Amino acid sequence: SPSKVRKYRKKFDSSLGFPGEGPPKARARSAPPRDRGFSLETVSKVAPSTTRLGNSAIASFEAWLVLKGISSSLSTLVGLPILLGSLLRSFGDSLFMGGSGQYVFRHAITALQRDYPHLRGQLGAAWDLADRWAIVEPVVHRPPMPEVLLRAMVAVALSLRWFDFAGVTLLAFFGVARIGEVLRGTRAHLVLPRDRLRPDQTFAFYRVEKPKSAHRGGALVQHCKLTSASVVGALDCIFGALLGDAL
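What counts as what
Residues numbered from 1 in each chain as written. Predicted model: local features only at pLDDT ≥ 70, side-chain atom pairs only at ≥ 80, totals over all residues. Heavy atoms only, no water. Helix = DSSP H or I, 4+ residues; strand = E, 2+ residues; numbered from the N terminus. Buried < 20%, exposed > 50% of the residue type's maximum accessible area, 1.4 Å probe, protein only. Contact = heavy atoms within 4.5 Å. Pairing = 2+ DSSP bridges. Axes fitted to C-alpha atoms, helices over the stretch in contact; angles between N-to-C directions. Salt bridge = Lys/Arg side-chain N within 4 Å of Asp/Glu carboxyl O. 1 Å grid on protein atoms, 1.4 Å probe; cavity = no way out; pocket = protein on both sides within 12 Å on 5 of 7 lines; lining within 4 Å. Points joined across faces, edges and corners; volume = space filled by probe spheres on them. Core = buried A, V, L, I, M, F, W, Y, C linked by side-chain atoms within 4.5 Å.

Enquirer: Explain the overall build of the protein chain to me, using residue names and the numbers behind them.
Expert: What the protein chain contains, in helices and strands, is ten helices and three strands. For the protein chain, the sequential pattern of α-helices and β-strands runs α-α-α-α-α-α-α-α-α-β-β-β-α. Of all 247 residues assigned to the protein chain, the portion counted as buried reaches 29%. Long-range pairs, those at least 24 residues apart, make up 55% of the contacts in the protein chain between residues at least 6 apart in sequence.

Okay, here's the thing in structure tokens:
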């Protein structure tokens, strides 16, 4: 009613605000622009190891051009994508007949497309040969370690009091994480049942920051879930009492 509105208005104070709300907050001032000291053009979207492989593959391609008597430099060829794609195709066939691994050819193509974005979609002839190579020599992934062997390794590690090794091995295997992602982490990245104040639960999480798949469109922060009660219990015994920044 209007009377209640008037009564409520009387309780407002310009310095104290409405009852229960406190004084009005001052508007945050925007931070002044600052010189970050580097350009975004220098930020790499791939791991240093991938960059090294790409640079090595491009160097092999340039050496092949010299061997074939092609005087045009790479900086010139990138402006002629159809010709570059044809030359890359011949380079890939030369690698295949010479017994090289197809990863060299693929890294050469992807490195060129990464360094010269306008080449994306322009090197179809080279990618066609890469697909043919994959048909002749399909990629064979390394088989995973048998779980019984891993448990035996962990048992030996525990008997030798190699607790960190045992914990990292369990976390990487049952969390399906890359070993480097686990080694870079700290206690704060591992969320155990005790951290959620739910010791009755039997699952844990591990936060992966800057995962490798983030460069291929994946999330910048990912999580691994461990659901084995015995593994979670072992991780709690090994890492549970550590501080957040402990390795």
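Enquirer: Describe the sheet that holds strand β2 (residues 204-209), and please don't skip the residues or the numbers.
Expert: As summarised here, the arrangement of the three strands in space is β1-β2-β3, forming an open sheet in which the pairing is antiparallel. Only two strands of the sheet have a single partner each, and these edge strands are β1 (190-191) and β3 (221-226). As paired strands, β2 and β3 are joined by six bridges and run antiparallel to one another. Among the inter-strand pairings, Phe205 is bridged to a residue of β3, identified as Lys225. Here helix α8 (residues 163-174) sits on the sheet and contacts β1, β2 and β3; the angle it forms with β3, its principal contact strand, is near 100 degrees.

Enquirer: Could you give an account of the pattern of salt bridges, naming the residues involved and the relevant values?
Expert: A side chain with one charge may pair with a side chain of the opposite charge, provided their charged atoms come close. Scanning all chains against the criterion turns up eight salt bridges. Asp236 is the salt-bridge partner of Arg194, the closest N and O atoms lying 2.8 Å from each other. Pair noted here: Arg194 is in the loop between β1 and β2 and Asp236 is in helix α10 (residues 229-239), with a separation of 42 residues, a long-range link. The class of Arg194 is partly exposed, set by a relative accessible area of 40%. For the salt bridge of Arg207 with Glu209, the shortest nitrogen-to-oxygen distance reads 3.2 Å. The class for Glu209 is partly exposed, based on a relative accessible area of 39%. Each member of the salt-bridge network shares a partner with another, and the members are Arg89, Asp128 and Arg132.

Enquirer: Tell me about the layout of surface pockets, and please be specific about residues and values.
Expert: Size it by volume and the second largest pocket reaches roughly 460 Å³. Every residue lining the second largest pocket is counted, 15 residues in all, and those nearest its centre are Pro143, Pro144, Met145, Phe173 and Ala177. When contributions to the lining of the second largest pocket are tallied by element, the ones reaching two or more residues are α7 (147-159) and α8. Ranked by residues supplied to the lining of the second largest pocket, first place goes to α8 with five residues.

Enquirer: Go over the nonpolar core with me, naming the residues and quoting the values.
Expert: Core analysis: the biggest nonpolar cluster contains 25 residues, and Phe61, Leu74, Leu84, Leu88, Phe91, Phe105 and Leu123 have the highest contact counts within it. Taken together, the elements giving at least two residues each to this core come down to α2 (48-67), α3 (74-77), α4 (81-97), α5 (102-115) and α6 (124-136). Here this core takes six residues from α5, the largest share from any one element. Other than its neighbours up to four places away in sequence, Leu84 contacts Phe61, Leu74, Leu77, Val78, Leu119 and Leu123. Leu150, Ala157, Val168 and Ala172 belong to the second largest nonpolar core, which has 23 residues in total.

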